[in-house]
Structure formats: C-alpha cells, structure tokens
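Results of the structural survey
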Amino acid sequence: MREVPGMAEDDHGAFLVSPSLDDAAALEPASKNPYLVYVGGLDEASVATMRSAAKLVVRVLTQDQLDRPEDFPWHEIDYGIARRLRQLLRKRGLAPATINKALVCVRSVAKEAWLLGRLCHEEYQRIVQVKNVAGKRLPAGRMVALWEIATLLDGCKMDGNPAGLRDGARRA
C-alpha cells in the first residue's frame with residue numbers, strides 16, 4: 001500500500017487518517033469539501049442516514065479521534081483504506097446493511113471528490129470496486145424447544161376459561 005500523508009498505520013496494518021488534518025479540512029470552503037457537496041445534494045431523510053454512516057466511517061478510520069464527517073479529509077481515502085474499512089466494520093460485528101451503507105457513503109463521497117478534482121479518476125475507479133458485504137440478518141426471536149411449546153399448551157388447557165382454550169388453539 002502506498003504511503004499517504006496524514007495517514008498512520010495502526011497496530012493491525014490499517015491506514016488511519018490522522019486527526020491533525022482536522023484543521024485543514026475545517027478551513028476549506030464548503031464547495032470544495034466532497035462530503036458537504038454530497039450531503040448537500042441529498043433530501044432531508046437521506047442526509048440523516050448518510051451522516052450517520054459517514055460518522056461511523058470517520059470514527060473507524062480515525063480510531064474515534066474524529067467524528068465530524070465535514071472535518072475528515074475524504075479525498076485521501078484510497079482503495080486500500082476502503083478495503084481495510086470494510087474489514088474493520090466486519091470485525092465490529094455490524095449488520096451487513098450497516099456496513100454496506102458505510103461503503104455506499106465512501107463510494108459516493110469519493111465520486112464527489114473526483115468530480116471536484118480532488119481525487120484522480122483511477123483511484124476513484126479502484127474505490128468503487130470495493131464490494132458490499134453479503135449476508136442477511138436473522139429474524140428477531142429464538143428457537144423454541146418442543147418442551148417449551150408443550151408447557152405453554154398445558155398452561156392454556158389448565159386455564160379453564162375460553163381465552164385459555166383460544167390461546168392454546170392459536171399456538172397448536
């Protein structure tokens with residue numbers, strides 16, 4: 001992986017954005033900040049969703065030293081950092097939908113960085129090649145053992161009133 005100014009390698013080989021770049025990002029005009037340009041083009045409901053995803057990305061890449069997406073140097077993300085982000089999010093045990101939303105955020109802000117001339121086309125094309133995470137969430141609840149079902153049905157039978165019989169019939 002290439003050396004990136006303002007990035008440091010953590011103990012696990014991840015390239016993380018240095019929070020010292022916070023001042024430089026905060027001073028740039030909003031029209032040059034790829035994150036602000038991106039969220040500026042979204043509707044209100046999407047802004048909240050993508051701001052949450054961007055905050056997650058920023059916290060992971062800066063090891064919780066930054067959490068304001070507008071202060072993050074998005075144009076310094078490269079393919080290797082985007083891949084490492086995917087791995088770090090998976091390690092956290094996040095839902096696939098949450099990870100994929102964060103990756104969509106990175107790809108979308110990278111597109112704005114490219115359109116603003118802050119990211120080369122080749123790097124943008126590499127970043128968009130980072131694949132989503134496959135998977136699905138299990139439905140809420142748990143497996144119920146047969147003995148638990150039998151106990152429930154016995155309780156409904158012993159209730160003696162019509163509601164107990166009804167409940168037993170619904171669970172049978």
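What counts and what doesn't
Residues numbered from 1 in each chain as written. Predicted model: local features only at pLDDT ≥ 70, side-chain atom pairs only at ≥ 80, totals over all residues. Heavy atoms only, no water. Axes fitted to C-alpha atoms, helices over the stretch in contact; angles between N-to-C directions. Helix = DSSP H or I, 4+ residues; strand = E, 2+ residues; numbered from the N terminus. Parallel < 35°, antiparallel > 145°, perpendicular 65-115°, else oblique. Contact = heavy atoms within 4.5 Å. Nonpolar A, V, L, I, M, F, W, Y, C, P; charged D, E, K, R; others polar. Buried < 20%, exposed > 50% of the residue type's maximum accessible area, 1.4 Å probe, protein only. Patch = residues over 30% accessible without salt bridge, like charges linked within 9 Å, V, L, I, M, F, W, Y side chains within 5 Å. Areas by Shrake-Rupley, 256 points an atom, 1.4 Å probe, with all protein chains shown as cover. Salt bridge = Lys/Arg side-chain N within 4 Å of Asp/Glu carboxyl O. pLDDT = per-residue confidence, 0-100. Phe/Tyr/Trp six-rings, centres within 6.5 Å; stacked < 30°, edge-to-face > 60°. Core = buried A, V, L, I, M, F, W, Y, C linked by side-chain atoms within 4.5 Å.

**Describing the packing of helix α3 (residues 44-61) against helix α5 (residues 96-115)**
Where α3 meets α5, the axes come as close as 9 Å, and the angle between the chain directions of the two elements is 90 degrees. In terms of orientation, α3 and α5 fall into the roughly perpendicular class. In this structure, α3 uses Thr49, Met50, Ala53, Ala54, Leu56 and Val57 to contact α5, whose residues at the interface are Thr98, Lys101, Ala102, Val104, Cys105 and Val106. Residue composition of the contact of α3 with α5, by class: nine nonpolar, two polar and one charged.

**A closer look at unusual backbone geometry**
Most peptide bonds are trans, and most residues other than glycine sit at a negative phi. For Gln63, which is not a glycine, the phi torsion comes out positive at approximately 50 degrees. With respect to the secondary-structure elements, Gln63 resides in the loop between α3 and α4 (79-91). Taking relative accessible area as the criterion, Gln63 reaches 44% and is therefore assigned partly exposed. Its identity is not glycine, yet Asp64 carries a phi of approximately 65 degrees, on the positive side.

**Let's talk about the environment of Leu66**
Mapped onto the elements of the fold, Leu66 is located in the loop between α3 and α4. When its relative accessible area of 9% is taken as the criterion, Leu66 is described as buried. Separated by ten residues in sequence, Leu66 and Leu56 have C-alpha atoms that sit 9.9 Å apart.

**Regarding a nonpolar patch on the surface**
Residues Val144, Leu146 and Ile149 make up a contiguous nonpolar surface patch of about 280 Å² in total accessible area. Secondary-structure assignment places Val144 in the loop between α6 (121-127) and α7 (146-159).

**Side note on the packing of α3 against α4**
Put simply, α3 and α4 touch, their axes get as near as 10 Å, and they point 95 degrees apart. In terms of their interaxial angle, α3 and α4 are classed as roughly perpendicular. Counting all contacts with α3, which are made through Leu56, Val57, Val60 and Leu61, the residues of α4 involved are Ile81, Leu85, Leu88 and Leu89. Residue composition of the contact of α3 with α4, grouped by class: eight nonpolar, no polar and no charged.

**Concerning the confidence of the model for the protein chain**
The predicted model of the protein chain averages 83 in pLDDT, with 82% of residues at 70 or higher. Segment residues 1-8: pLDDT under 50, and 24 contacts once partners within four positions in sequence are set aside and those in other chains are kept. Considering only residues more than four positions removed or in separate chains, one finds that residues 19-24, a stretch of pLDDT under 50, has nine contacts.

**Things to note about the packing of aromatic side chains**
Two measures describe an aromatic ring pair: the distance that separates the ring centres and the angle between the ring planes. Scanning all chains against the criterion turns up three aromatic pairs. With a centroid separation of 4.9 Å and an interplanar angle of 70 degrees, the aromatic rings of Phe72 and Trp74 are classed as edge-to-face. Overall, Phe72 belongs to the buried group, its relative accessible area being 1%. With a centroid separation of 5.2 Å and an interplanar angle of 0 degrees, the aromatic rings of Trp114 and Tyr124 are classed as stacked. Here Trp114, found in helix α5, pairs with Tyr124, found in helix α6; they are ten residues apart in sequence, far enough to count as distant. The class for Trp114 is partly exposed, based on a relative accessible area of 29%. Put simply, the rings of Tyr35, Phe72 and Trp74 touch in pairs and so form one group of aromatic residues.

**Things to note about the nonpolar core**
Core analysis: the largest hydrophobic core is formed by 33 residues, its most contacted members being Trp74, Ile77, Leu85 and Val106. Taken together, the elements giving at least two residues each to this core come down to α2 (34-40), α3, α4, α5 and α6. Discounting residues that sit within four places of it in the chain, Val106 has contacts with Val57, Trp74, Ile77, Ala82, Leu85 and Ile127.

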